[in-house]
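Structural overview for review
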Amino acid sequence: MTLQTAGIHHITAFARNPQDNVDFYAGVLGLRLVKKTINFDAPEVYHLYFGDQTGSPGTIITFFPWPGSRKGRVGGGQVGVTTYVVPEGALAFWAERLAGFGIKTEQTSRFGEQYLQFEDNEGLRLELVEREAGANSVWSFGGIPADKAIKGFGGAILFSTNAARTADVLQQVLGLTKIGEEAGYTRFRAFGDIGNLIDVPTADMPRGDGGAGTVHHIAWRAKDFEEHALWQQTVAESGNHPTQIIDRQYFHAIYFREGGGILFEIATDPPGFANDEAIDALGRKLMLPAWYEPKRAQIEANLLPIEVRELEGKRP
Ligand code: ZN
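What this report covers is the structure whose coordinates are included nearby. Please read all numbers here as calculations on a predicted model, not as lab measurements.

Quick notes on the rules
- Residues numbered from 1 in each chain as written.
- Predicted model: local features only at pLDDT ≥ 70, side-chain atom pairs only at ≥ 80, totals over all residues.
- Heavy atoms only, no water.
- Donors = N, O, S within 2.8 Å, 3.2 Å for Na, K, Ca; no water.
- Helix = DSSP H or I, 4+ residues; strand = E, 2+ residues; numbered from the N terminus.
- Buried < 20%, exposed > 50% of the residue type's maximum accessible area, 1.4 Å probe, protein only.
- Salt bridge = Lys/Arg side-chain N within 4 Å of Asp/Glu carboxyl O.
- Phe/Tyr/Trp six-rings, centres within 6.5 Å; stacked < 30°, edge-to-face > 60°.
- 1 Å grid on protein atoms, 1.4 Å probe; cavity = no way out; pocket = protein on both sides within 12 Å on 5 of 7 lines; lining within 4 Å.
- Points joined across faces, edges and corners; volume = space filled by probe spheres on them.
- Nonpolar A, V, L, I, M, F, W, Y, C, P; charged D, E, K, R; others polar.
- Pairing = 2+ DSSP bridges.
- Contact = heavy atoms within 4.5 Å.
- Axes fitted to C-alpha atoms, helices over the stretch in contact; angles between N-to-C directions.
- Arc of directions from axis to C-beta.

Bringing the coordination of the zinc ion into the picture now. Within the protein, the zinc ion binds to His10 (NE2), His217 (NE2) and Glu265 (OE); these donor distances fall in the range 1.9 to 2.0 Å. Along the chain, the residues donating to the zinc ion fall in the pattern H-x206-H-x47-E. You can see His10 sitting in strand β1 (residues 8-15) and its partner His217 sitting in strand β13 (residues 215-222), a full 207 residues away along the chain. For His217, a relative accessible area of 6% gives the class buried.

Structure (structure tokens):
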């Protein structure tokens with residue numbers, strides 16, 4: 001049996017100020033803060049998750065906001081651009097909304113689609129594309145109507161230090177299909193309806209530098225724990241070197257660095273973000289894994305307070 005991922009599960013990036021991060025992804029982009037927790041390996045740093053109403057796989061971007069951390073440089077071995085998908089006819093709304101926050105945008109096109117490109121407050125590269133596929137958002141925030149709101153990821157542009165090897169892993173290991181080549185990009189498709197179109201520049205790119213404003217890793221979907229075990233085996237047999245299966249509280253994970261330098265994760269759809277709090281309450285309370293609960297007071301005292309708030313037209 002050949003395994004195939006449905007597409008992107010989540011993307012994890014670095015930031016600096018946690019309130020600026022919340023203001024950008026919740027306040028400007030209108031995503032829901034679905035989980036407020038800590039970096040399980042570094043409890044003095046938040047781990048913030050933004051997604052749709054329930055934090056569905058394919059909608060989740062996560063950050064480790066680390067005040068005072070150094071700035072990174074976008075380059076090879078990273079997700080270069082994170083693509084969000086909006087309903088058809090929504091790009092003009094977003095061009096105006098982003099301009100209202102003083103955010104510079106640029107229109108580009110690839111594979112016959114128009115993209116609105118911009119950067120977050122740390123320089124992380126983002127873009128919006130209109131597509132029919134994918135259910136409309138039912139989460140509404142900041143005056144963004146449902147027929148304009150972000151539906152989830154459209155895909156990503158992977159900046160590879162070795163495009164041939166990255167293409168090979170996407171097809172031979174993750175089960176994506178190459179569907180086109182145009183103007184310096186190769187396009188691959190996964191079978192899901194969002195987070196499914198992956199573009200790779202055909203030219204190898206010089207290595208970037210990790211830090212604020214760069215992506216740390218991209219995670220791909222496994223449908224359940226049983227399939228996840230098969231993924232680990234498949235990755236190992238392909239000559240890549242997966243980690244052991246790690247319980248991340250909201251999904252199980254394995255990680256491996258593919259031949260083009262990008263850190264890949266394979267994450268399970270279950271159990272999801274309602275694992276430790278009700279859907280209605282997602283993101284309000286600082287959630288800690290059981291082993292950190294005895295230290296809650298100390299952990300909370302070390303974190304800068306954050307709030308999800310409506311913004312009044314100024315860039316965070
Ligand atoms: Zn991850």
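So that's the structure; there's more coming.
Another point: the pattern of salt bridges. Evaluation of the coordinates by the stated rule reveals 17 salt bridges. Where Asp23 meets Arg309, a salt bridge forms, and the shortest distance between an N and an O atom there is 2.7 Å. On the criterion of sequence distance, the pair formed by Asp23 in helix α1 (residues 18-28) and Arg309 in the segment after α5 (296-302) is long-range, its members being 286 residues apart. Among the salt bridges present, the one from Arg296 reaches Glu300, with a minimum N-O distance of 2.9 Å. With Arg296 and Glu300 both in helix α5 and 4 residues apart, this pair spans about one turn of that helix. Each member of the salt-bridge network shares a partner with another, and the members are Arg110, Glu113, Glu127, Arg131, Arg187 and Asp199.

Another point: the packing of aromatic side chains. Following the criterion strictly, the structure yields 13 aromatic pairs and no others. Aromatic pair Trp220 and Phe264: ring centres 5.4 Å apart, planes at 70 degrees, arrangement edge-to-face. Taken together, the positions of Trp220 in strand β13 and Phe264 in strand β16 (residues 263-271) put the pair 44 residues apart, joining distant regions of the chain. The pair formed by Trp220 and Phe264 is uniform in burial state, with each residue classed as buried. With 5.9 Å between their ring centres and 40 degrees between their planes, Trp291 and Tyr292 make a pair best called tilted. Aromatic ring contacts, followed pair by pair, group Phe24, Tyr25, Phe50 and Phe63 into a single cluster.

Turning next to empty space enclosed by the protein. Rolled over the atoms, a probe with the dimensions of a water molecule shows which regions are left empty. Taken as a whole and assessed by the stated rule, the structure comprises 1 cavity of 30 Å³ or more. Of the volumes computed, that of the largest cavity is approximately 100 Å³. Looking at the largest cavity, it is lined by 17 residues, and the ones nearest its centre are Gly30, Leu31, Ser137, Ala149 and Ile150. Its residues assigned to classes, the lining of the largest cavity comprises 7 nonpolar, 7 polar and 3 charged.

Moving on to the sheet that holds strand β3 (residues 42-51). The 8 strands lie next to each other as β2-β3-β4-β1-β13-β16-β15-β14, forming an open sheet whose pairing is mixed. A strand with exactly one partner marks an edge of an open sheet, and here the two such strands are β2 (32-39) and β14 (246-247). Pairing geometry for β13 and β16, over 5 bridges, is parallel. Its bridge partner lying in β16, Ile218 is registered against Phe264. The strands that α1 touches are β1, β3 and β4 (60-65); relative to β3, the one it contacts most, it runs at about 10 degrees.

Bringing helix α2 (residues 91-100) into the picture now. Of all the residues in α2, the buried ones are Leu91, Trp94, Arg97 and Leu98. Along the axis of α2, the buried positions cluster into a sector of 120 degrees, meaning they face one direction only. Among the exposed residues of α2, those pointing more than 90 degrees away from its buried face are Ala92, Glu96 and Ala99. On its buried face, α2 sits against α1, β5 (78-86), β6 (106-110), β7 (113-119) and β8 (125-130). A positive backbone phi angle near 75 degrees is found at Gly102, which sits one or two residues after α2.

Inspection of the sheet shows strand β10 (residues 177-182) paired to strand β11 (residues 185-189) by 5 bridges, in the antiparallel sense. Bridging from a neighbouring strand, Gly180 pairs with Arg187 of β11. Taking the residues between adjacent antiparallel strands as the criterion, β10 and β11 are bridged by 2 residues, where Ala183 takes a positive phi near 45 degrees.

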